[in-house]
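# A look at the structure
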Amino acid sequence: MTRKTPTRPYHHGDLKRALLEASIELIREEGVDALTVAEVGRRVGVSSAAPYKHFADRPALLRALAEEGNRQLSEALVAAARGSNDPLEAFRLSGVAYIRWAAENPALYRIATDPTYIDYTSTEHAVDAPEALKGSLEAFWPELGALVRSGAAIPGSHPLVQQLRGRALAQGVASLFVSGVFASLGITTADAERIARAVTGEDVPATPRRSNPARAR
């Protein structure tokens with residue numbers, strides 16, 4: 001059997017970063033099930049043993065991908081909300097960015113939101129949130145967990161509940177893109193921005209559309 005040429009030959013530098021980038025490329029092209037440490041090493045063009053110095057096995061690689069996915073997602077949220085001093089508006093803008101990022105990176109999104117690989121109780125974050133987003137990025141999950149476990153009253157107006165409502169909305173819409181539901185309706189990734197803006201309360205103007213091609217008989 002002929003050995004395939006590496007998709008991104010590796011020469012020098014940060015091998016771990018190269019392996020992660022190759023992993024993201026692989027799951028984007030072939031899905032998460034195709035991911036193995038050996039295949040990623042082959043794509044980078046290193047010896048069969050080299051990748052295992054950074055990732056002992058597939059679960060270790062998946063955990064690293066989850067961290068990388070969360071870093072990229074957090075960067076997208078921060079970039080979207082940068083410049084806004086209103087926490088509610090910043091939160092809305094981050095919700096739009098969340099849906100858009102998930103729609104554009106479905107395989108990585110699945111890994112990045114899987115509690116198998118991510119510790120939702122942690123308060124550590126790879127990026128610094130602007131002041132308007134600090135309350136929604138830094139300690140939301142641990143604080144929500146503590147509130148519910150305490151058995152205390154949970155009014156609908158509680159800030160954590162309001163934030164959960166927004167997160168649930170964003171994650172639900174994101175999942176409709178990632179699962180293929182929207183695709184089955186002819187709604188593409190290009191529509192993610194418009195849908196996200198609409199469901200977060202913005203009136204979205206019309207946009208020119210191409211006519212649907214006639215189906216072959």
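Residues numbered from 1 in each chain as written. Predicted model: local features only at pLDDT ≥ 70, side-chain atom pairs only at ≥ 80, totals over all residues. Heavy atoms only, no water.

### A short note on the nonpolar core
Soluble globular proteins tend to pack their nonpolar side chains together in the buried interior. In terms of nonpolar packing, the biggest core is built from 52 residues, with Leu-35 and Phe-177 touching the most fellow members. Of all elements in the fold, only α1 (15-30), α2 (37-44), α3 (58-81), α4 (87-104), α5 (106-112), α8 (159-178) and α10 (192-199) reach the threshold of two or more residues within this core. With 11 residues, α3 is the single largest residue contributor to this core. (Core = buried A, V, L, I, M, F, W, Y, C linked by side-chain atoms within 4.5 Å. Buried < 20%, exposed > 50% of the residue type's maximum accessible area, 1.4 Å probe, protein only. Helix = DSSP H or I, 4+ residues; strand = E, 2+ residues; numbered from the N terminus.)

### Focus: the packing of aromatic side chains
The relation between two aromatic rings is expressed through the spacing of the ring centres and the mutual angle of the planes. Counted under the stated rule, the structure contains 4 aromatic pairs. Between Tyr-98 and Tyr-109, the ring centres sit 5.7 Å apart and the planes meet at 90 degrees, which makes this aromatic pair edge-to-face. Residue Tyr-98 is located in helix α4, and its partner Tyr-109 is located in helix α5; the two are separated by 11 residues in the primary sequence. Of the two residues, Tyr-98 and Tyr-109, neither departs from the other in class, the shared state being buried. Centre to centre, the rings of Phe-140 and Trp-141 are 4.8 Å apart; their planes meet at 70 degrees, and the pair counts as edge-to-face. Members of the aromatic cluster, each reached through a chain of ring pairs, are Tyr-120, Phe-140 and Trp-141. (Phe/Tyr/Trp six-rings, centres within 6.5 Å; stacked < 30°, edge-to-face > 60°.)

### Section: α2
Helical periodicity: at 3.6 residues per turn, an α-helix aligns residues three or four positions apart in one direction. With 6 of 8 residues buried, α2 is to be regarded as a mostly interior element. Taken together, the buried positions of α2 are occupied by Val-37, Val-40, Gly-41, Arg-42, Arg-43 and Val-44. Residues of α2 that are buried sit in contact with α1 and α3. (Contact = heavy atoms within 4.5 Å.)

### Quick notes on helix α7 (residues 140-150)
Turning to α7, its buried residues are Phe-140, Leu-144 and Leu-147. Projected onto a plane normal to the axis of α7, the buried residues spread over an arc of 65 degrees and lie on a single side. (Arc of directions from axis to C-beta.)

### A short note on the confidence of the model for the protein chain
Taken over all residues, the pLDDT of the protein chain has a mean of 88, while the share at 70 or more is 88%. For the stretch residues 1-5, pLDDT sits under 50, and the model shows 3 contacts to residues farther than four places along the chain or on other chains. Taken as a whole, residues 213-217 scores under 50 in pLDDT and shows 0 contacts with residues more than four places along the chain or in a different chain. (pLDDT = per-residue confidence, 0-100.)

### With respect to the packing of α4 against α10
Where α4 contacts α10, the axes come no closer than 9 Å and their chain directions differ by 145 degrees. Classified by chirality, the crossing of α10 by α4 is right-handed. Contact residues: Arg-92, Val-96, Ile-99, Arg-100 and Ala-103 in α4; Ala-192, Glu-193, Ala-196, Arg-197 and Val-199 in α10. Each residue belonging to the contact of α4 with α10 can be placed in one class, and the counts come to 6 nonpolar, no polar and 4 charged. (Axes fitted to C-alpha atoms, helices over the stretch in contact; angles between N-to-C directions. Left-handed = near helix turned anticlockwise from the far one by under 90°. Nonpolar A, V, L, I, M, F, W, Y, C, P; charged D, E, K, R; others polar.)

### Points about the side chain of Ser-84
Mapped onto the elements of the fold, Ser-84 is located in the loop between α3 and α4. On the basis of relative accessible area, Ser-84 is assigned to the buried category, the value being 13%. A polar contact is formed between the side chain of Ser-84 and the backbone oxygen of Asp-86, at a distance of 3.4 Å. (Polar contact = N/O pair within 3.5 Å; in protein donor to acceptor, adjacent residues only side chain to side chain.)

### A closer look at the environment of Pro-106
Inspection of the secondary structure puts Pro-106 in helix α5. A residue is classified by how much of its surface remains accessible, and Pro-106, at 31% relative accessible area, is partly exposed. When the C-alpha positions of Pro-106 and Phe-177 are compared, they lie 7.7 Å apart, and in sequence the two are 71 residues distant.

### Some details on the environment of Ala-49
Mapping Ala-49 onto the fold places it in the loop between α2 and α3. C-alpha separation for the pair Ala-49 and Val-37, spaced 12 residues apart in sequence, amounts to 9.6 Å.

### A word on the packing of α4 against α8
The interhelical angle for the contact between α4 and α8, taken along N-to-C directions, is 20 degrees, at an axis separation of 8 Å. Overall, the two elements α4 and α8 adopt an arrangement that is roughly parallel. Crossing geometry of α4 relative to α8 is assigned as right-handed. Facing α4, whose interface residues are Phe-91, Gly-95, Tyr-98, Ile-99, Ala-102 and Ala-103, α8 presents Gln-163, Gly-166, Arg-167, Ala-170, Gln-171, Val-173, Ala-174, Phe-177 and Val-178. Residues belonging to the contact of α4 with α8 are distributed by class as follows: 10 nonpolar, 4 polar and 1 charged. (Parallel < 35°, antiparallel > 145°, perpendicular 65-115°, else oblique.)

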